[in-house]
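Topology and contacts: notes
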Amino acid sequence: AAPGRLSARAWVSPCAHTSGGNMDVRSGENINGTRMSWNIWPSTRLDATRIIVPLGCLYTPLKPVEGLQLVEYEPVICKARDCGAVLNPCCFVDFHSKSWTCPFCLQRNPFPAMYAEHISEVSLPAELLPACSTIEYILPSQCSPPIFLLVLDTAIIEEELDQAKDSLQQSLAMMPQDALVGFITFGAMVYVHELSSTALPKAYAFRGAKEYTSQQVAYQLGFGQKNPSGSGSQAHAARRFLMPVEECEFTLNSLLDDLVKDAWPLAGHDRRPFRCTGAALSVALGLVEATCPQSSVRVTLVVGGPCNVGPGMVVGEELAETIRSHLDLQRETPNAKHTKKALKYYTSLASRAVSCGFAVDIFACSLDQVGLYEMKVLADKTGGYMVMSDSFSMGVFKDSFRKMFDCDENGYLQLGFNAKIEVFTSREFKCCGAVGGLSSLGKKSPAVAETEIGEGGTCQWVAGSLDKNTTMAFYFDITNQTAGAMPNNKQSYLQFQTSYLHPSGRKRLRVTTLSHRYTDANMADIVTGFDQEAAAVIMARYAVFKCENEDPLDVLRWVDRMLIRLVSKFADYRKDEPSSFNLMPELSIFPQFMYHLRRSNFLQTFGTSPDETAYYRTIILRENTMNSLVMIQPALLQYSFEEGPPQPVLLDTCSLKPDVILLMDDFFHVVIWRGEKIQAWKDKGYDELEEYANFKTLLQAPANDAKQILGDRFPVPKFIQTNAGGSQARFVTSKVNPSNGGMGGATDSSTVITDDVSLKVFMEHLIKLAVQS
């Protein structure tokens, strides 16, 4: 039967399957940190609408790429009025007249004297070598060392507070000695702690019920100048609150040792402790706005419950009032009465942080919601981290918090701060916008498209923080109208310029220049350049972004329509004959990714809280291609006595066999699942007996692999061990394709009862709709 031609495939890690064709669509990732949905481009605007999946690029600005050239001089920039592109290997060089032509605006530029003197066909500067399509300039301008402002919630139970304090003390020991650190605590009030006073601890109190501007904070802390005569004294006064780790580590450690739960009296056992998260964040931002705008700043919020006092409150004081659910938000019930106001408030805080180039991190640990849904905008717009866990004692929080301060072999943090990313395009296409942990800077240029996707209407964005995995999705639009206007084999040119503050105290600029071929009028070869993995992630980001302003059900229907149109356009079939349907290898796994995306927590809100949905969506919008694919379609490995090394298996109920161990990785959770037979042997203690040493080895193998995943990833996933029929087996059963879903099928132990359609039924429907005339 036809659907058999498009059987489900086990989707494995990078090198397991090629994306079809003869083109290596993954090569750009190791050289430039880029993945394109289409590696051969449509040549007209009309053709761009016919390929259905948007023309997009996933770019990881700080990816450690192969053979990256670091050069310590200023870049050579095109002098045309509306340009600003940097000299690159795609430029046409005239060695006779010692000039170069910019591929973006076609302006001819003379080389600077230093270049003109030495340049020839055999002697080229690094930025013109084909191998240096990505190059990093270390610029002369200096910047401050990293600044960490820690904001700790003390309205939590003693055990939790002790664990949070322990993590903060560990992080102090890991921070580079020259990094500046500041400390704020909050409960019913906000306290800014002075770190210079060793004899007597001193803190400045702010009321929890109001918002504070940077002027108010500076004035109350004693360095706001009514008559600003000199900023020297102001910087000196501010130094009491932001000090180098080497000078204040002892003071801050003693302060943390003595710190106790917020002493504000409870109004009764049926009430929540007062917590003014919103006010604390405005005080924190005010402090760094007044003292170090446009520096390498992270404001790190460590919070253990919902804000219920002052601006940004998400729930009332009484425990009888439950925090809003998705249903409350849809129906606008009284439980959701604070949401709109809180969203507006946190959005205003986010724009304050963005205008100064800061990152705001949120580490939230609580069994109930804390208001991540409302605060999400802070991490989204500033590129700050978001980590959600049940408790401060869990690895998800402890290990993730520690990883933020990991240093490279030179002793520098593996982060970039206050990054500005600018896009340059050749004239026949433009940029619609970007999605993922960044904010628009509203800069206009010829590269800006009329249509907007994500943060649009600009050619430059800011991200307060970048790490080696932070990935932005950029969407493009072809503006060329007529087919004849494009000569054969014409190339498109695209350049990313990312300037950022490096923890070493120097500003850096990474320049990546790409070029792609335009296809001819009949688009015969375009599908050979389709990268179905990158396309799935680009579609997922677009869909998740649409969920911000549209009903998730409408977004699901949009994903379905796009998939049907794509398959209908590129598959081989005879009209109205499903049995004749065949999909080329370049597209064969894409429908499967879309099937799992439709079922995922990114588009489905059933059974999740608004905070969980906010968390999952924030993470998928900024992770690299492989990590995003694992979130959409989890990886499943099988360990058994028969197979030898672990085998990738189908994410399907047929893989849940009694005599195997499975390791499932969905990015947020790493689950070891044991079949009934394996579990029974383990319960009998066979793994402790010498004659069953091979059984012990079998049990150990997935645990070792899981340990490696936990060690490499940020945020650190939750680690779960379970067995067939165990209470936590739901983490596996909710993800697998229900191929024998109990609807008239067999009902053995591997059956998963669900309302979801199986992949086979989904594919049959897709094929039927695609071949319809």
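Fair warning: this is a prediction, and the values are worked out from it, not measured in the lab.

What counts and how
Residues numbered from 1 in each chain as written. Predicted model: local features only at pLDDT ≥ 70, side-chain atom pairs only at ≥ 80, totals over all residues. Heavy atoms only, no water. 1 Å grid on protein atoms, 1.4 Å probe; cavity = no way out; pocket = protein on both sides within 12 Å on 5 of 7 lines; lining within 4 Å. Points joined across faces, edges and corners; volume = space filled by probe spheres on them. Helix = DSSP H or I, 4+ residues; strand = E, 2+ residues; numbered from the N terminus. Nonpolar A, V, L, I, M, F, W, Y, C, P; charged D, E, K, R; others polar. Expected span 1.5 Å × (residues − 1). Buried < 20%, exposed > 50% of the residue type's maximum accessible area, 1.4 Å probe, protein only. Contact = heavy atoms within 4.5 Å. Pairing = 2+ DSSP bridges. Phe/Tyr/Trp six-rings, centres within 6.5 Å; stacked < 30°, edge-to-face > 60°. pLDDT = per-residue confidence, 0-100. Axes fitted to C-alpha atoms, helices over the stretch in contact; angles between N-to-C directions. Parallel < 35°, antiparallel > 145°, perpendicular 65-115°, else oblique. Left-handed = near helix turned anticlockwise from the far one by under 90°.

Here we look at the layout of surface pockets
- Empty space within the largest pocket amounts to approximately 1300 Å³.
- Mapped onto the lining of the largest pocket, the elements with two or more residues apiece are strand S15 (359-365), strand S16 (386-389), helix H15 (590-599), helix H16 (610-620), helix H17 (625-632) and helix H20 (730-733).
- With four residues, H16 is the largest single contributor of residues to the lining of the largest pocket.
- Residue composition of the lining of the largest pocket, by class: 23 nonpolar, 14 polar and 11 charged.

Regarding helix H4 (residues 158-174)
- Compared with the 24 Å implied by 1.5 Å per residue over 17 residues, the 25 Å span of H4 between its first and last C-alpha is a close match.
- Listed as buried for H4 are Glu160, Leu161, Ala164, Lys165, Ser167, Leu168, Gln169, Ser171 and Leu172.
- Packed against the buried residues of H4 are strand S9 (147-153), strand S10 (180-186), helix H7 (245-258), strand S14 (297-303) and helix H12 (395-403).

Side note on the sheet that holds strand S26 (residues 635-639)
- Strands sit in the order S27-S26-S28-S29-S30 across an open sheet of five strands; the sheet is mixed. Here the strands that pair on one side only, and so sit at the sheet edges, are strand S27 (647-648) and strand S30 (718-723).
- Relative to S30, strand S29 (residues 669-674) runs parallel, the two sharing six bridges. Each residue of the ladder has a partner; that of isoleucine 672, found in S30, is glutamine 721.

Re the packing of aromatic side chains
- Inspection of the entire model under this criterion finds 36 aromatic pairs.
- Between phenylalanine 602 and phenylalanine 668, the aromatic rings sit 6.4 Å apart at their centres with planes inclined by 50°, giving tilted as the arrangement. One end of the pair, phenylalanine 602, is in the loop between H15 and H16; the other, phenylalanine 668, is in the loop between strand S28 (661-665) and S29, and 66 residues separate them in sequence.
- A relative accessible area of 2% places phenylalanine 602 in the buried class.
- A ring pair is formed by tryptophan 681 and phenylalanine 695, whose centres lie 5.7 Å apart and whose planes are at 85°; its orientation type is edge-to-face.

Topic: the confidence of the model for the protein
- Mean pLDDT over the protein stands at 92; residues scoring 70 or higher make up 94%.
- Ignoring residues within four places in sequence, the model shows residues 1-9, a span with pLDDT below 50, making 20 contacts including any to other chains.
- Taken together, the stretch residues 11-21 has pLDDT below 50 and engages in 22 contacts with residues farther than four places along the chain or on a different chain.

Quick word on the side chain of glutamate 428
- Looking at where glutamate 428 falls in the secondary structure, it is placed in the loop between strand S17 (416-425) and strand S18 (429-435).
- Residue class for glutamate 428 comes out buried when judged on its relative accessible area of 11%.

Some points on the sheet that holds strand S5 (residues 92-94)
- If you trace the three strands from one edge of the open sheet to the other, you get S5-S6-S7, paired in antiparallel fashion. Taken across any chain shown, the strands that pair with only one partner, and hence form the sheet edges, are S5 and strand S7 (108-110). Strand-to-strand, the axes of this sheet are offset by a mean angle of 25°, without reference to chain direction.
- Of the pairings in the sheet, the one linking S5 to strand S6 (residues 99-101) comprises three bridges and is antiparallel in character. Paired with phenylalanine 92 across the two strands is threonine 101, which belongs to S6.

Examining the packing of helix H13 (residues 532-547) against helix H14 (residues 552-570)
- Where H13 contacts H14, the two axes come as close as 9 Å, and the packing angle between them is 155°. Between H13 and H14, the angle falls in the class roughly antiparallel. Classified by chirality, the crossing of H14 by H13 is right-handed. Contacts from Met539, Tyr542, Ala543, Lys546 and Cys547 in H13 reach Pro552, Val555, Trp558, Val559 and Met562 in H14.
- Grouping the constituent residues of the contact of H13 with H14 by class yields nine nonpolar, no polar and one charged.

Let's talk about unusual backbone geometry
- In this chain, phenylalanine 714 is followed by proline 715 through a cis amide linkage whose omega measures -10°.
- Turning to its location among the elements, proline 715 is positioned in the loop between helix H19 (693-712) and S30.

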